[in-house]
Amino acid sequence: MNDPAAWLVLAPALALAGAAINALFGRFLKEPLPGLIASLVAASAFALSLVAFVALLGRDDTTVAVHLWSYLPVDGIDLSVGAVIDPLSVLMMLVITGVGTLIHVYSMGYMHGDAGYARYFALLNLFVAAMSILVLADSYLLMFVGWEGVGVSSFLLIGFWYTTTSNADAGRKAFIVNRIGD
C-alpha cells in the first residue's frame, strides 16, 4: 500500500474494531469511554477519507484498486476481496464518516445514562463499517456483505429499545420492508 489513498481500506476495519471493543468490553467500561472509543474510531475513518481525498487531487489516474485477498478461486472465477478507491467512493466515505462522526459525538450526550450505552455505540460503529464496505467494495459479493450489514445494523438500531413493544415492532417492520426492497 504505497499509495496514500489505499490506506482508506483501513476505515471499515477500524469501525469493526470499535464495534467489537464496545460489544465485548463496553459493559465493563465507565459511561463516557465507549462513546469516546466509538467517536475516535469514526473520526479516524474520516481522517483516512480526507487523506484519500487529498491523495487523489490533481492525479491523472484517480482509481486505486486494492486487492486484499482471493476468496474461493475456482477455474476462471475469482471472488476477490478488495476495494476500489475513486473520487465517487472517496466522496461517499467523506459523507459516511463525517456525518457518522457528528452522530457519534451528538449521541454521547443523547444516550447519557442509558443502560445500553455501550451496545448503542457498538451498533453505530457496525453501521459505519457496513456502509464503508458497501461503498468501497470491488465485487458484487463484497457489496452484498455491506448491503446486508447496513440492513442488520438498521434493524438493530431502529429496534434498540426493544423492551418497548412499539420500538420492537418498528424494528421488525424495517427489517421486513428492507427484505421486500432487496
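Residues numbered from 1 in each chain as written. Predicted model: local features only at pLDDT ≥ 70, side-chain atom pairs only at ≥ 80, totals over all residues. Heavy atoms only, no water.

Caption draft 1: Spotlight on the overall build of the protein chain. Counting its secondary structure elements, the protein chain contains 6 helices and 2 strands. From first element to last, N terminus to C terminus, the protein chain shows the α and β order α-α-β-β-α-α-α-α. Against the compact-globule benchmark of 16 Å for 182 residues, the protein chain has a radius of gyration of 17 Å, which places it among compact chains. Overall, the protein chain is about 50 × 35 × 25 Å in size when its C-alpha atoms are taken along their principal axes. Looking at the protein chain residue by residue over its 182 residues, the buried ones come to 42%. Of the roughly 10200 Å² of accessible surface on the protein chain, a fraction of 72% belongs to carbon and sulfur atoms. (Helix = DSSP H or I, 4+ residues; strand = E, 2+ residues; numbered from the N terminus. Rg over C-alpha atoms; globule rule 2.2 N^0.38 Å. Buried < 20%, exposed > 50% of the residue type's maximum accessible area, 1.4 Å probe, protein only. Areas by Shrake-Rupley, 256 points an atom, 1.4 Å probe, with all protein chains shown as cover.)

Caption draft 2: Region of the structure containing the side chain of Thr 97. Relative to the assigned elements, Thr 97 resides in helix H3 (residues 87–110). In this structure Thr 97 comes out as buried when scored by relative accessible area, which is 1%. Of note is the side chain of Thr 97, whose polar atom sits 3.4 Å from the side chain of Ser 49. Thr 97 has contacts with Ala 42, Ala 45, Phe 46 and Ser 49, leaving out every residue within four places of it along the chain. (Polar contact = N/O pair within 3.5 Å; in protein donor to acceptor, adjacent residues only side chain to side chain. Contact = heavy atoms within 4.5 Å.)

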